[in-house]
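Fold and contact review
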Amino acid sequence: MSKKTILILGIVYAVATLILNNVLQTAIGGFMMTLSFVALVVAIVGAIYYLIKFSIKQFIYNRKNRKSIE
């Protein structure tokens, strides 16, 4: 999928969630809101995991390079 398609789907999902949860106050809207919160938490935890993983790899790489220079 292209970035434009993903962006449009995200906007449509957000609008549908807003209408179903806040305006109509349906159970489907509540479920969609819960799903959105879970996706947000997973995205934040995943981003932190990849940042820590990259930092550790960079630290090990820099330590190896310092040893070879000396």
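All values reported here derive from a predicted model rather than from experimental measurement. (Residues numbered from 1 in each chain as written. Predicted model: local features only at pLDDT ≥ 70, side-chain atom pairs only at ≥ 80, totals over all residues. Heavy atoms only, no water.)

**Quick look at the overall build of the protein**
Counting its secondary structure elements, the protein contains two helices and zero strands. A globule of 70 residues ought to have a C-alpha radius of gyration of about 11 Å, yet the protein, at 21 Å, is considerably larger. Based on the C-alpha atoms only, the size of the protein along its principal axes is roughly 70 × 25 × 15 Å. Counting the 70 residues in the protein, one finds 6% classified as buried. As displayed, the protein has an accessible area near 6200 Å², and 75% of this comes from carbon and sulfur atoms. (Helix = DSSP H or I, 4+ residues; strand = E, 2+ residues; numbered from the N terminus. Rg over C-alpha atoms; globule rule 2.2 N^0.38 Å. Buried < 20%, exposed > 50% of the residue type's maximum accessible area, 1.4 Å probe, protein only. Areas by Shrake-Rupley, 256 points an atom, 1.4 Å probe, with all protein chains shown as cover.)

**Some words on a nonpolar patch on the surface**
On the surface, Phe37, Leu40, Ile44, Ile48, Ile52, Ile56, Phe59 and Ile60 cluster together to form a nonpolar patch covering roughly 770 Å² of accessible area. On the secondary structure map, isoleucine 56 appears in helix H2 (residues 27-69). Look at isoleucine 56 and you get partly exposed, because its relative accessible area is 48%. (Patch = residues over 30% accessible without salt bridge, like charges linked within 9 Å, V, L, I, M, F, W, Y side chains within 5 Å. Salt bridge = Lys/Arg side-chain N within 4 Å of Asp/Glu carboxyl O.)

**With respect to unusual backbone geometry**
If you check the backbone angles, glutamine 25 has positive phi at about 50° while not being a glycine. Within the secondary structure, glutamine 25 sits in the loop between helix H1 (3-23) and H2.

**Quick word on the packing of aromatic side chains**
Under the definition given, this model contains one aromatic pair. Considering the side-chain rings of tyrosine 49 and tyrosine 50, the 5.2 Å spacing of their centres and the 70° angle between planes classify their relative orientation as edge-to-face. (Phe/Tyr/Trp six-rings, centres within 6.5 Å; stacked < 30°, edge-to-face > 60°.)

**A short note on the environment of isoleucine 11**
Relative to the assigned elements, isoleucine 11 resides in helix H1. Looking at isoleucine 11, the relative accessible area reads 49%, which means it is partly exposed. Sequence-wise, isoleucine 11 and threonine 34 are 23 residues apart; in three dimensions their C-alpha atoms are separated by 17 Å.

**Section: the environment of valine 42**
Along the polypeptide, valine 42 turns up in helix H2. The exposed category is assigned to valine 42, whose relative accessible area is 55%. Taking C-alpha positions, valine 42 is 19 Å from leucine 7, a pair spaced 35 residues apart along the chain.

**Looking at the side chain of threonine 17**
Along the chain, threonine 17 turns up in helix H1. The buried category is assigned to threonine 17, whose relative accessible area is 4%. If we ignore the near neighbours within four places in the chain, the residues touching threonine 17 are Asn22, Gly29, Met32, Met33 and Ser36. (Contact = heavy atoms within 4.5 Å.)

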